Amino acid sequence: MKSGFLEFVRNSLRSEEPMHPLDQRIAKRWVKERLKRIFPQFRNDPDALENAYQELGLEAHEGAGKGAGTVYEITLPKGS
C-alpha cells in the first residue's frame, strides 16, 4: 500500500514530457479535418482552413488532464 502511494506521488510530481512532433502533426491534422467537416467551405480552400486553424487559439495547459496530461483549450476568436 505504501509503495503504491509513493509511486503515485512520484508520478504526480514529474513534469510531463514534451509532445513528440509527430503527435503534434496528428493533432493539427485532426483539428483541420474536423473543421472541414463542420465548415464545408474550407474543403477546397487550404489558405482559409489554415487561417481558421490559427484563429482558434489553442492553449496548452500542462498537468491539467488525467494523469497530469496536457489539456488543450480552444478559445474562439472575438466576434464569434
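Residues numbered from 1 in each chain as written. Predicted model: local features only at pLDDT ≥ 70, side-chain atom pairs only at ≥ 80, totals over all residues. Heavy atoms only, no water.

Turning to the confidence of the model for the protein chain, a few remarks are in order. Averaged over all residues, the pLDDT of the protein chain is 76; the fraction at 70 or higher stands at 66%. Taken element by element, the protein chain is modelled with least confidence in strand 1 (residues 58-61), mean pLDDT 69, and with most confidence in helix 3 (residues 46-55), mean pLDDT 89. (pLDDT = per-residue confidence, 0-100. Helix = DSSP H or I, 4+ residues; strand = E, 2+ residues; numbered from the N terminus.)

This next bit is on the packing of helix 2 (residues 21-38) against helix 3. Put simply, helix 2 and helix 3 touch, their axes get as near as 10 Å, and they point 110° apart. Classed by the angle they form, the pair helix 2 and helix 3 counts as roughly perpendicular. Crossing of helix 2 against helix 3: the hand is right-handed. Contact with helix 2, carried on its side by K28, V31, K32, L35 and K36, involves L49, E50, A52, Y53 and Q54 of helix 3 and no other residues of that element. When the residues that make up the contact of helix 2 with helix 3 are grouped by side-chain class, the tally is five nonpolar, one polar and four charged. (Axes fitted to C-alpha atoms, helices over the stretch in contact; angles between N-to-C directions. Parallel < 35°, antiparallel > 145°, perpendicular 65-115°, else oblique. Left-handed = near helix turned anticlockwise from the far one by under 90°. Contact = heavy atoms within 4.5 Å. Nonpolar A, V, L, I, M, F, W, Y, C, P; charged D, E, K, R; others polar.)

Next up on the list: the packing of aromatic side chains. On inspection of all chains with the given rule, the structure shows one aromatic pair. Considering the side-chain rings of F39 and F42, the 5.8 Å spacing of their centres and the 65° angle between planes classify their relative orientation as edge-to-face. According to the relative accessible area criterion, F39 is partly exposed, its value standing at 36%. Taking the ring centre of Y53 as reference, the NZ or CZ of K32 above it sits at 5.7 Å. (Phe/Tyr/Trp six-rings, centres within 6.5 Å; stacked < 30°, edge-to-face > 60°. Buried < 20%, exposed > 50% of the residue type's maximum accessible area, 1.4 Å probe, protein only. Lys NZ or Arg CZ within 6 Å of the ring centre and 35° of its normal.)

The next subject is the environment of I74. By the secondary structure assignment, I74 is in strand 2 (residues 71-74). Overall, I74 belongs to the partly exposed group, its relative accessible area being 46%. Beyond its immediate chain neighbours, meaning those up to four positions away, I74 contacts L56, G57 and L58.

Glancing now at helix 3. Taken together, the buried positions of helix 3 are L49, A52 and Y53. Projected down its long axis, helix 3 carries its buried residues within an arc of 100°, all on one side. Turned more than 90 degrees from where helix 3 packs its buried face, D47, Q54 and E55 sit exposed. A positive backbone phi angle near 70° is found at G57, which sits one or two residues after helix 3. (Arc of directions from axis to C-beta.)

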